[in-house]
2 protein chains.
Amino acid sequence: MSTEKPSCLLIGAGGVGVITAYSLFHADRSNVSMVVRSDYSHIVQEGYKIDSCDYGVVENWKPHQVFKNTVDAARSGSFFDYIVVTVKNIPDGPIQNRVHEVIRPVIESNHDVAPERRTSVLLIQNGIDIEKEILECFDKNKYHLCLLSGVQLIASTKLSPGYIHQKGLDHLIVGAFNPQDALAVQSAKDFVAMYNNEGHNHVEFDPRVRYTRWKKLLYNAAINTTTALVGLDVPRCLQFSQNKKGTEEYIFRPAMREIIAIAASEGITLESELVDFFVTITQNIVYKPSMCVDIEKGQLMELEIILGNPIRIAAQNEVPTPTLSMLYHLLTLLQGKVKEKKGLIHFDEKTARLVDQNNIPA
Amino acid sequence: MSTEKPSCLLIGAGGVGVITAYSLFHADRSNVSMVVRSDYSHIVQEGYKIDSCDYGVVENWKPHQVFKNTVDAARSGSFFDYIVVTVKNIPDGPIQNRVHEVIRPVIESNHDVAPERRTSVLLIQNGIDIEKEILECFDKNKYHLCLLSGVQLIASTKLSPGYIHQKGLDHLIVGAFNPQDALAVQSAKDFVAMYNNEGHNHVEFDPRVRYTRWKKLLYNAAINTTTALVGLDVPRCLQFSQNKKGTEEYIFRPAMREIIAIAASEGITLESELVDFFVTITQNIVYKPSMCVDIEKGQLMELEIILGNPIRIAAQNEVPTPTLSMLYHLLTLLQGKVKEKKGLIHFDEKTARLVDQNNIPA
């Protein structure tokens, strides 16, 4: 383990996070640390079993370091050049799971260990405007932060503790949230070089991060959301509809056209052919997108970054979003249902009102 | 049992249908026959136990005649002056459960028994344009049909076989689908007189049936539908929404305004204050409307008569219905989910297509 290599801390040890960590490990251009919450003891003892379309079957793999949480990572005294976040981004979820709270200990300890050294935070997550909460919570100059955007196309699932099955090729797109930030651009390019495994994965530098995020939102805001609302895979959503056309004509396409209009309102042009592309891309694949899976598992969805933020931009720029708004307000209710089941909110059936959390006696 | 009294055949022995039958029986101005499908043997042996806010506790009640189905009712040789239908109206459901198919044997046998005598068909059901399929299936003049519209406000549930619990007062509104049809108007008035139980229930003649149906649709098209889509009672739909206002502002009110516009396009004025009325009417009652209950029980919803028909009228009259259309197309997918579970449609996961039912080998 050379100390000259950059050090990466991966936060999020789900199906996608583990492959991302293994890709860096396999390329052998960085020291790879992981925060592994639920499977910690298992991984420390046995490591991962990975069955991967990119890397074959790997047994007993362990990253260079494993931490139970980011507080432990911070206490290790290590400096982490890259903090790579693959956990879900749920701004309306519990505060301790918010991205800024999760990375805070490491941001602070990095600053203590080497106050002048650059820290890159790479958010491999869906949605738009996700960098804003990081910029609001941390002084970019004080902490020498580079904020990097990652958009990943991959199909990988955790089948059981420590057992990962990667079915779909890893394609990672990395860039600087602010393309004017020369340091961040360089850091993104460095990461791409560090992540590249010739003949195994596909990684590319992205000079126009925001375009790429809007583009991926076409699918997520229109299709991912709809499947979550009705609990059906994509082909069933198409086939069960009125004349087998209703979903496409009245939900998918109008929702995507609204995303195109919002992006246009901030000067980003999404090609209209993308609508056809995304309508057809999963029409033959019996596949449930992430929000649909979350709802089925009783987990919170990435609703605010996929629909809430685009709708807020639309409101500011006076772009009408009737279709997205309906999806958003309906999904807000499903999200509330999950929150109640998880005990995050409390509904009093006698008063038929939500209980004000601040007024609950201790 | 006087043969001079008019004879009523009640089809639909759920919580509402049984109270409707009992109301007629209690008034003692008609002979009351019922079609009892699932509880037939139980009722023939023990009769009903009814726990009613209108009539108190009634034990071992039996109507004058009980039939297993409408074919048996037709075979009895009786003439039924009133065919009272309280089953759900689901035009996209199995053909044998369609209203016209269910009543057909009795319409035909009535014609055989007394070709010149008038048959009144009273549809106590939700929705708009429900009389059309009856008029398309039967020659009104040949069968001397009077088509009557019933809108019922009541809360009554079947708790177990033969056990009915009526919690909410029975308020029945009856009129002629066609107010120009003098015979039907008279028949409706006769029914009102026959149904009235002074001091127990409330029944009234309705001179403007279509207005009343549109009015009830305000609630059903906007609120009933939304609760079904997200599987939550009305107060939760309100309280879980964005700023506790999102559901009202972005779903309930726009949907109701669209119903008002559709009704206006055919010359029916629904007062705009009705929107406030219906938004607040169940805001404090932890109550799941019918479509929500249907989905939870894995049953088909009355989707086409509550949303499909209004949207088709809107399309003809060029009234925009963005909110109702979204609800409709999303609920169509949930309806498809129920159909697949019930084996009414078949989806082939290999081809990711619905199987054409006509091409299934026997």
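Residues numbered from 1 in each chain as written. Chains lettered and ligands numbered in written order. Predicted model: local features only at pLDDT ≥ 70, side-chain atom pairs only at ≥ 80, totals over all residues. Heavy atoms only, no water.

Identification of chain A as LAFE_0B03180g1_1 from Lachancea fermentati is taken from an unreviewed UniProt entry.

Enquirer: Describe the packing of aromatic side chains, and please don't skip the residues or the numbers.
Expert: With the rule as written, the count across this model stands at 24 aromatic pairs over all chains. For the ring pair tyrosine 22 of chain A and tryptophan 61 of chain A, a centre distance of 5.2 Å and an interplane angle of 90° mean the geometry is edge-to-face. Linking tyrosine 22 of chain A in helix 1 (residues 15–27) with tryptophan 61 of chain A in strand 4 (residues 56–61), this pair joins segments that are 39 residues apart in sequence. Exposure remark for tyrosine 22 of chain A: the relative accessible area of 9% places this residue in the buried category. When the ring of phenylalanine 138 of chain B is compared with that of tyrosine 143 of chain B, the centres are 5.9 Å apart and the planes differ by 90°; the resulting orientation is edge-to-face. The class for tyrosine 143 of chain B is buried, based on a relative accessible area of 8%. Here the basic side chain of lysine 189 of chain A rests over the ring of phenylalanine 205 of chain A, its NZ or CZ set 5.0 Å away from the ring centre. (Phe/Tyr/Trp six-rings, centres within 6.5 Å; stacked < 30°, edge-to-face > 60°. Helix = DSSP H or I, 4+ residues; strand = E, 2+ residues; numbered from the N terminus. Buried < 20%, exposed > 50% of the residue type's maximum accessible area, 1.4 Å probe, protein only. Lys NZ or Arg CZ within 6 Å of the ring centre and 35° of its normal.)

Enquirer: Can you lay out empty space enclosed by the protein for me, pointing to particular residues and giving the numbers?
Expert: Residue and element names in this part refer to chain B. Enumeration over the complete set of coordinates arrives at two cavities of 30 Å³ or more. Reported here for the largest cavity is a volume of approximately 50 Å³. Gln125, Asn126, Gly127, Val151, Arg213, Lys216, Leu217 and Asn220 are the residues that line the largest cavity. With four residues, helix 7 (residues 209–230) is the single largest residue contributor to the lining of the largest cavity. Classifying every residue of the lining of the largest cavity by side-chain character gives two nonpolar, four polar and two charged. Two domains each put at least three residues into the lining of the largest cavity: domain 1 (7–207) and domain 2 (212–342). Of the voids in this model, the second largest cavity is the one considered here, and its volume is about 30 Å³. (1 Å grid on protein atoms, 1.4 Å probe; cavity = no way out; pocket = protein on both sides within 12 Å on 5 of 7 lines; lining within 4 Å. Points joined across faces, edges and corners; volume = space filled by probe spheres on them. Nonpolar A, V, L, I, M, F, W, Y, C, P; charged D, E, K, R; others polar. Domains from an automatic or database assignment.)

Enquirer: Explain the nonpolar core to me, using residue names and the numbers behind them.
Expert: Core analysis: the largest hydrophobic core is formed by 151 residues, its most contacted members being Ile103, Trp214 and Leu270 of chain A together with Ile103, Trp214 and Leu270 of chain B. With sequence-adjacent residues up to four places away left out, isoleucine 103 of chain B is seen in contact with Ile11, Ile83, Val85, Val121, Ile134 and Phe138 of chain B. (Core = buried A, V, L, I, M, F, W, Y, C linked by side-chain atoms within 4.5 Å. Contact = heavy atoms within 4.5 Å.)

Enquirer: Describe the interface of chain B and chain A, naming the residues involved and giving the relevant values.
Expert: In this complex, chain B contributes 40 residues to the contact, which on the side of chain A involves 40 residues. A buried area of about 3800 Å², summed over both sides, lies between chain B and chain A, and 67% of it is on carbon and sulfur atoms. The largest contributions to the chain B side of the interface with chain A come from Phe240, Met326 and Leu333 of chain B, which together make up 19% of the buried area. For the interface between chain B and chain A, the tally reads four salt bridges. Residue glutamate 340 of chain A is joined to arginine 236 of chain B by a salt bridge in which the shortest nitrogen-to-oxygen separation is 2.9 Å. (Buried area = accessible area lost by both parts, 1.4 Å probe. Salt bridge = Lys/Arg side-chain N within 4 Å of Asp/Glu carboxyl O.)

Enquirer: Tell me about the packing of helix 9 (residues 246–265) of chain A against helix 13 (residues 322–341) of chain A, and name the residues and values.
Expert: For any two helices packed against each other, the geometry is given by the interaxial angle and the distance between the axes. All names here are of chain A. In contact at an axis separation of 7 Å, helix 9 and helix 13 are set at 110° when each is read in the N-to-C sense. Taken together, helix 9 and helix 13 sit at an angle that is classed as roughly perpendicular. From helix 9, Tyr250, Ile251, Pro254, Ala255, Glu258, Ile259 and Ile262 reach across to helix 13, where they touch Pro322, Thr323, Leu324 and Leu327. Partitioned by chemical class, the residues of the contact of helix 9 with helix 13 number nine nonpolar, one polar and one charged. (Axes fitted to C-alpha atoms, helices over the stretch in contact; angles between N-to-C directions. Parallel < 35°, antiparallel > 145°, perpendicular 65-115°, else oblique.)

Enquirer: Tell me about the UniProt feature "domain: Ketopantoate reductase C-terminal" (unreviewed entry) in chain A, residues and numbers included.
Expert: Sequence positions flagged by UniProt for "domain: Ketopantoate reductase C-terminal" (unreviewed entry) are, in local numbering, residues 209–334 of chain A. Taken end to end, residues 209–334 of chain A is 72% helix and 0% strand, and its first and last C-alpha atoms sit 30 Å apart. (UniProt positions renumbered as here; feature names shortened; annotations may be inferred.)

Enquirer: Explain the side chain of aspartate 81 of chain A to me, using residue names and the numbers behind them.
Expert: Residues and elements named next belong to chain A. Relative to the elements of secondary structure, aspartate 81 occurs in the loop between helix 3 (70–75) and strand 6 (82–85). Residue aspartate 81 is classed as buried on the basis of its relative accessible area of 13%. Residues within four places of aspartate 81 in sequence aside, it is in contact with Pro6, Ser7, Arg117, Arg118, Thr119 and Ser120.

Enquirer: Lay out the pairing of strand 1 (residues 7–11) of chain B with the relevant residues and their values.
Expert: Residue and element names in this part refer to chain B. Most of strand 1 sits inside the fold, with five of its five residues counted as buried. Burial along strand 1 is two-sided: the face carrying Ser7, Leu9 and Ile11 and the face carrying Cys8 and Leu10 are both buried. As judged from the five bridges shared by strand 1 and strand 2 (residues 31–35), these two strands associate in the parallel manner. Considered in strand 2, the bridge of leucine 9 is made with serine 33. Regarding the hand of the β-α-β motif, the stretch spanning strand 1, helix 1 (residues 15–27) and strand 2 is right-handed. Across four bridges, the pairing between strand 1 and strand 6 (residues 82–85) is parallel. Each residue of the ladder has a partner; that of cysteine 8, found in strand 6, is tyrosine 82. (Pairing = 2+ DSSP bridges. Right-handed = clockwise from strand over helix to strand, strands pointing away.)

Enquirer: Please set out the relation of the copies chain B and chain A residue by residue, giving values where relevant.
Expert: Copy one and copy two of the chain differ by a rotation about an axis and a translation along that axis. The operation relating chain B to chain A is a screw motion whose rotation component is 180°, with 0.1 Å of axial translation and a residual RMSD of 0.1 Å. What the rotation and shift describe, once combined, is the action of a two-fold rotation axis. In this assembly, 100% of the residues forming the interface of chain B have copies in chain A that are likewise at the interface, indicating an isologous arrangement. (Least-squares fit on C-alpha atoms with pLDDT ≥ 70 in both.)

Enquirer: Go over the packing of helix 13 of chain A against helix 13 (residues 322–341) of chain B, please, and point to the residues and values.
Expert: The contact between helix 13 of chain A and helix 13 of chain B brings their axes to 10 Å, and the two run at 60°. Overall, the two elements helix 13 of chain A and helix 13 of chain B adopt an arrangement that is oblique. In the crossing of helix 13 of chain A with helix 13 of chain B, the sense of the turn from one axis to the other is right-handed. Across the interface between the two elements, Thr323, Met326, Leu327 and Leu330 of chain A of helix 13 of chain A pack against Thr323, Met326, Leu327 and Leu330 of chain B of helix 13 of chain B. Taken together, the residues that form the contact of helix 13 of chain A with helix 13 of chain B break down as six nonpolar, two polar and no charged. (Left-handed = near helix turned anticlockwise from the far one by under 90°.)

Enquirer: Could you give an account of the pattern of salt bridges, naming the residues involved and the relevant values?
Expert: Counting across every chain of the model gives 41 salt bridges over all chains. Salt-bridge contacts for lysine 339 of chain A lead to aspartate 92 of chain A; the nearest nitrogen and oxygen are separated by 3.0 Å. Linking lysine 339 of chain A in helix 13 with aspartate 92 of chain A in the loop between strand 6 and helix 4 (99–113), this pair joins segments that are 247 residues apart in sequence. Across the salt bridge formed by arginine 104 of chain B and glutamate 101 of chain B, the nearest N and O atoms sit 3.0 Å from each other. Taken together, the residues arginine 104 of chain B and glutamate 101 of chain B, both in helix 4 (residues 99–113) and three residues apart, mark about one turn of the helix. Classification of arginine 104 of chain B by relative accessible area gives partly exposed; the value is 26%. Through salt bridges with shared partners, a single ionic network connects Asp129, Glu131, Lys132, Arg210 and Glu266 of chain A.

Enquirer: Give me the domain arrangement of chain A: which residues, what numbers.
Expert: Residue and element names in this part refer to chain A. Domain boundaries in chain A define domain 1 (7–207) and domain 2 (212–342). Each of domain 1 and domain 2 was reduced to a C-alpha centroid, and the two centroids are 26 Å apart. On the side of domain 2, 19 residues touch domain 1, which itself brings 22 residues to the contact. Contact with domain 2 buries surface across domain 1, with Asp92, Asn126 and Ile128 losing the most and accounting together for 40% of the total. For the pair domain 1 and domain 2, the interface holds two salt bridges.

Enquirer: Outline helix 9 of chain A, listing residues and values.
Expert: Residue and element names in this part refer to chain A. The end-to-end C-alpha distance of helix 9, which contains 20 residues, comes to 28 Å, matching closely the 28 Å that a straight helix rising 1.5 Å per residue would cover. Counting buried positions over the 20 residues of helix 9 gives 14, a clear majority of the element. A positive phi of about 85° marks glycine 267, the residue just after helix 9. (Expected span 1.5 Å × (residues − 1).)

Enquirer: Can you tell me about the pairing of strand 6 of chain B, naming the residues and giving the values?
Expert: Residue and element names in this part refer to chain B. Both faces of strand 6 are covered, namely the face carrying Tyr82 and Val84 and the face carrying Ile83 and Val85. The pairing of strand 6 with strand 7 (residues 119–124) spans four bridges and is parallel. Each bridged residue has a counterpart across the sheet, and for isoleucine 83 the counterpart in strand 7 is valine 121. Note that the unit made of strand 6, helix 4 and strand 7 has a crossover that is right-handed.

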